[in-house]
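Structural characterization, general
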Amino acid sequence: MGLAEQSVVVRVPATSANLGPGFDTLGLALGLHDEVEVTVTPSGVDIEVTGEGAAEVADAGEKHLIVRALRVALDDLDVPQPGGLALRCLNRIPHGRGLGSSAAAITAGILAARALAGASVAPQDALPLATTLEGHPDNVAPCLLGGLTIAWMTADAAGLPHARAISLDPRPDVRPVVFIAPSPVSTKVARGLLPATVPHADAARNAGRAALLIAALTAHPEALLDGTEDWLHQDYRATAMPHSCDLVARLRAAGVPAVISGAGPSVLAFRSAGDRQITENLMDSISRETGIDWHISPLVVERQGASVAPSVSSAPNASNTR
């Protein structure tokens, strides 16, 4: 198999994992997107980045996560590596803030490789490798499938770990609001704070809340405050993101369903379109009480997930990726 295309454009959404009780399982795709145009060239790796993280990743070359994922995906397809690559990236997803920037980059690289090779770009075909590269499926699943996703690990025919996921459609009147932290926190650091074991009672309570959360997001939004309670990970990570946990506590005390987004330090909250008590003014006022300069972004749920298409222009933009 050789390359079927010479240039493709990939559009990938931000994601929020865990959603409180659904640790390493639940995820939500958000209406904030990175776009990348990947072009086969005779030699070298040329990367042009605008937007979030440009200063940190523009000179990464072969170490750039999209390039690494793309090359692994081509090897996985037994497709020869191209002589060179040119990437033009428009980044809107903040890095290191718990909004799935690494999952977006991995997804972009894999889908670009599969599209260039003429292979299937169906989400379920890209999910196993994306999970292997990311280490867990809770961000790559919503990035690929869109909507609210439930991801889990099973075994394939050879007995090897295999990622699976399904996507559900949240109620259209449930609106996510993201409080983007001014400084990043390493996912590795956040995961390192988790204990090896947790009390059985806490695990049982989380299982119940995770099930309730799915019902709340898809049918019963009045249960969102209870459905977003967690005992497995957020408190253990508080030392790495005290301001985030303070904001979550303040929002929840005011009746706002709020959680740490992924491994943090950003915060995800929910409100219903017709809710007269939980308003954007209320959330803005609460966030100012923390003394931290949060960037508040009311978003929509991205219901379609990542997309990829042959490039039809010299630069990526929203009009040529759908």
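Look up a bit, the structure's there.
Presented here is an overview of the structure given in this document. (Residues numbered from 1 in each chain as written. Predicted model: local features only at pLDDT ≥ 70, side-chain atom pairs only at ≥ 80, totals over all residues. Heavy atoms only, no water.)

1. Description of the overall build of the protein chain
When helices and strands are tallied, the protein chain shows ten helices and eleven strands. For 322 residues, the compact-globule estimate of 2.2 N^0.38 gives 20 Å, and the protein chain sits close to it at 20 Å. Referenced to the eigenvectors of the C-alpha coordinate spread, the extents of the protein chain come out at roughly 60 × 45 × 35 Å. Relative to its 322 residues, the protein chain shows a buried fraction of 51%. A separation threshold of at least 6 residues defines the contact pool for the protein chain, and within that pool the share at least 24 residues apart is 72%. The protein chain carries 23 positive and 33 negative side-chain charges, and their two centres are separated by 3 Å. (Helix = DSSP H or I, 4+ residues; strand = E, 2+ residues; numbered from the N terminus. Rg over C-alpha atoms; globule rule 2.2 N^0.38 Å. Buried < 20%, exposed > 50% of the residue type's maximum accessible area, 1.4 Å probe, protein only. Contact = heavy atoms within 4.5 Å. Lys, Arg positive; Asp, Glu negative; His and termini not counted. Charge placed at Lys NZ, Arg CZ, Asp CG, Glu CD.)

2. Regarding the nonpolar core
Counting 69 residues, the largest nonpolar core has Leu19, Val36, Val38, Leu70, Leu87, Ile110 and Leu217 as its most contacted members. In terms of residue count, helix H3 (residues 101-117) provides more of this core than any other element does, twelve residues in total. Core analysis: the next-biggest nonpolar cluster, separate from the first, contains 20 residues, Ala181, Val185, Ala258 and Trp294 among them. (Core = buried A, V, L, I, M, F, W, Y, C linked by side-chain atoms within 4.5 Å.)

3. Structural notes on the pairing of strand E9 (residues 267-272)
E9 sits mainly inside the fold: six of its six residues count as buried. Residues Val267, Ala269 and Arg271 point to one face of E9 and Leu268, Phe270 and Ser272 to the other, with burial holding for every one of them. As judged from the six bridges shared by strand E7 (residues 174-180) and E9, these two strands associate in the antiparallel manner. What sits directly across from Val174, in E9, is Ser272. One ladder, built from three bridges, connects strand E8 (residues 258-260) with E9; its direction is antiparallel. Across the sheet, Ile260 pairs through a bridge with Val267, a residue of E9. (Pairing = 2+ DSSP bridges.)

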